Amino acid sequence: MNNEQKLLLKLLSKNFSILDSKELLTSSLQNNSSEQTFYRNDTGEIFIKFDDAQIFCDIFSFDTPMPTILNACEHNKPFLFTMDGDIIGYTTSTLLLSNLFTEHIKANIFFDTILNTIDESCTVIDENQNILYWTKGAEELFTLKERDVLGRPITDFFQAEHLEILNSLQKGTSIQHAQHQPREDLVVRINSNPVIWQDTIIGAVVSETNITNQIRLNNELYETSEKLFSLEEEVRKVKNADNPFTYIKGNSPTLKKTLERVKKAATTHANILINGESGVGKELFAKAIHTIREDDKAPFIAINCGAIPPGLFESEIFGYEKGAFSGADQKGKKGKVELAKGGTLFLDEIGEMPLDMQVKILRLLQEKKFYPVGGTKEIEVDFHVVAATNRDLMELIKEGKFREDLYYRLNVVNIKIPALRERISDIIELTHYFLYEISIKYNRPVHGISQDILQNLMNYSWPGNIRELKNVVERLVVFSDNGIIKSEDLPIELHAHAPSLTNNKKEESDSLKQYDSLPLNLQLQEYEKDILLKELHKAEGNKNTCAKNLGITRATLYNRLNKLGIK
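Residues numbered from 1 in each chain as written. Predicted model: local features only at pLDDT ≥ 70, side-chain atom pairs only at ≥ 80, totals over all residues. Heavy atoms only, no water.

Visitor: It is not clear to me how the overall build of the protein should be interpreted in this structure. Could you clarify?
Guide: Across its full length, the protein carries 23 helices and 21 strands. Taken across its 567 residues, the protein has 40% of its residues classed as buried. Nonlocal contacts in the protein, meaning residues at least 24 apart in sequence, comprise 59% of its contacts between residues at least 6 apart. Carbon together with sulfur atoms contributes 50% to the accessible area of the protein, which is approximately 31900 Å² in total. (Helix = DSSP H or I, 4+ residues; strand = E, 2+ residues; numbered from the N terminus. Buried < 20%, exposed > 50% of the residue type's maximum accessible area, 1.4 Å probe, protein only. Contact = heavy atoms within 4.5 Å. Areas by Shrake-Rupley, 256 points an atom, 1.4 Å probe, with all protein chains shown as cover.)

Put into structure tokens, the structure is as follows:
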């Protein structure tokens, strides 16, 4: 049922009865109620009795267009409406117009209440640019009272070139979540649409939200991030930079295969697209690629495309010229693209980038040139691009939410990061790493973790991947007592994956339980010793083969064997 039919249903009177014409005399003598009585003659025609005359009724189907019904009012006859063969209501010209007027008044009351309830500024103009509606939000945003602006041209208060609503009125254009500057001291996020009736533009509507303070805060955040970046750079200089994969923990064959692909890709200047579920550590891989193919001073600039409000996207990416708005940095602001010059631009969650920004990013990648917001001078930049997503970009392309040409521009080299459930053997190493890191963070020494809990962690599917594992370990450390981690502190979803060990796994579990009472560093040494002995056994004592299988150098293997006392 469409809106027109819903309205018609409200306008119809349902208080009626239809009698056979033979009952005309008796009914007229007995019927004293407010119910409208209709009569049906032998030919099936329906009429009402008015004085001594019979006025025959028109009958319409319920889906009859409203203009047809309104034209019937000229005949000044009652008309009935049918749905699925049944008469559902009636009206007359006078009753229809009266009910229409009532519904019009009620609709206006709803409309006024909506406008007075919303916080945003909302402005409505007619075809002559006269202001019809001016909400409280507009009063606060522009410091103009409703009584002073209603009925007057909007150009009396604003310069025409600063009015996006006029583009909607004159050109029929619509915009959503765009950044706009109606005054020098004001920046808003704006939506604007034309009002169209019978293929003719009869007005326009605009809603605006003040984001001036957001931009100021964003500038402060940018300055803080810049300082943090400088500190990270200083830390990176003093850390051992020999291994770019220092923070990527694990030794599973799946992970080692992925790291090999990363190493090969990082030796080129090709654009790289990293695919992986949320929480697998895509940014760590991006930083590793950056470390391999850039020098120590090259910047690594990350942009989370899903975290930037659409209205701020362009100024965040490309920066803006000085004097863009009151309170902004008078020197202007460099965008992320310019900051990435000579280094790596990491486009995280690229699948969330607004479609209109994808066009500009494509041009940037093709030409390595851009214009800052409000700028007239084109800036040249040179940088490497690494993008990452947890979305199926091909599916987004089919849905019209991602540009195919941008996809092929980014997807020169594709690297799939395995989910944690695809590298189960890495869970033990990751767990102990997080235990050590978090126990230091909270100053809560942890003596160890039982094999039962480790087995429980390994049986879980980890939909949140490494991020979820870290959160679980943090929870265990927070609730630990006297350095003891208890299985009852595991989240409820992990309890549903309690281990069911086979005889072989039970034997392995029993062999590892002997280390439970040892301090954490000794436990790790014993676990490592067991792993090395097993790998040596698999390699039949060949240390070259063993080192290769473990993904370490032969020198590192000899050092670990000597330290652990393995002959």
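Visitor: Got a minute to help me understand the pairing of strand S5 (residues 58–61) in this structure?
Guide: Successive side chains on a regular strand alternate, one facing one side of the sheet and the next facing the other. Here S5 pairs with strand S6 (residues 79–83) via 4 bridges, running parallel. Bridge assignment links Ile59 to a residue of S6, and that residue is Leu80. You can see the chain leave S5, run along helix H3 (residues 66–72) and come back into S6, and the turn it takes is right-handed. (Pairing = 2+ DSSP bridges. Right-handed = clockwise from strand over helix to strand, strands pointing away.)

Visitor: What is the right way to look at helix H4 (residues 93–117) in this model?
Guide: Given 3.6 residues per turn, any residue in an α-helix points the same way as the ones three and four places further on. With 25 residues, H4 ought to run about 36 Å at 1.5 Å a step, and its terminal C-alpha atoms sit 36 Å apart, in line with that. Those residues of H4 that fall on the buried side of the exposure criterion are Ser93, Leu96, Glu103 and Leu115. The elements touched by buried residues of H4 are helix H1 (3–11), H3, S6, strand S7 (86–91), strand S8 (121–126) and strand S9 (131–134). (Expected span 1.5 Å × (residues − 1).)

Visitor: What should I look at first to understand the sheet that holds strand S11 (residues 186–197) in this one?
Guide: Within a beta sheet, neighbouring strands are joined by backbone hydrogen bonds and run either parallel or antiparallel to one another. Read from one edge of the open sheet, 5 strands run S9-S8-S12-S11-S10, paired in antiparallel fashion. At either margin of the open sheet sits one strand with a lone partner, and together these are S9 and strand S10 (175–183). For this sheet the average axis-to-axis angle between neighbouring strands, irrespective of direction, equals 30 degrees. Of the strand pairs in this sheet, S10 and S11 are connected by 5 bridges, and their pairing is antiparallel. Across the sheet, His180 pairs through a bridge with Val188, a residue of S11. Seen against the sheet, helix H7 (residues 164–171) touches S8, S10, S11 and strand S12 (200–210) and runs at an angle of roughly 160 degrees to S12. (Axes fitted to C-alpha atoms, helices over the stretch in contact; angles between N-to-C directions.)

Visitor: Mind showing me how you'd approach the sheet that holds strand S4 (residues 53–56) here?
Guide: Spatially, the 4 strands line up as an open sheet ordered S1-S2-S3-S4, and their pairing is mixed. Across the chains shown, the open sheet's two edge strands, defined by having one partner strand only, are strand S1 (16–20) and S4. Taking the axes of each pair of neighbouring strands and ignoring which way they run, one obtains an average angle of 40 degrees across the sheet.

Visitor: How should the confidence of the model for the protein be read in this particular structure?
Guide: Reading predicted coordinates in detail is not appropriate for stretches of low pLDDT. Per-residue pLDDT for the protein averages 83, and the proportion of residues at 70 or more is 87%. Mean pLDDT across the elements of the protein ranges from a minimum in helix H20 (residues 503–513), with 47, to a maximum in strand S13 (residues 272–275), with 96. Of the regions scoring below 50 in pLDDT, residues 499–508 engages in 9 contacts with residues more than four places distant in sequence or in other chains. (pLDDT = per-residue confidence, 0-100.)

Visitor: Would you mind showing me how to read a nonpolar patch on the surface here?
Guide: Residues Phe101, Ile105 and Ile109 make up a contiguous nonpolar surface patch of roughly 300 Å² in combined accessible area. Here Ile105 lies in helix H4. Residue classification places Ile105 among the partly exposed positions, given a relative accessible area of 37%. (Patch = residues over 30% accessible without salt bridge, like charges linked within 9 Å, V, L, I, M, F, W, Y side chains within 5 Å. Salt bridge = Lys/Arg side-chain N within 4 Å of Asp/Glu carboxyl O.)

Visitor: Even after reading the chapter, I still don't get the side chain of Thr91, so can you show me in this structure?
Guide: Note on placement: Thr91 falls in strand S7. Taking the relative accessible area as the measure of exposure, Thr91 reaches 0% and is therefore buried. At a separation of 3.3 Å, a polar atom in the side chain of Thr91 contacts the main-chain amide nitrogen of Leu96. When near neighbours in sequence (up to four residues on either side) are disregarded, Thr91 contacts Leu11, Leu12, Pro78, Phe79, Phe81 and Leu96. (Polar contact = N/O pair within 3.5 Å; in protein donor to acceptor, adjacent residues only side chain to side chain.)

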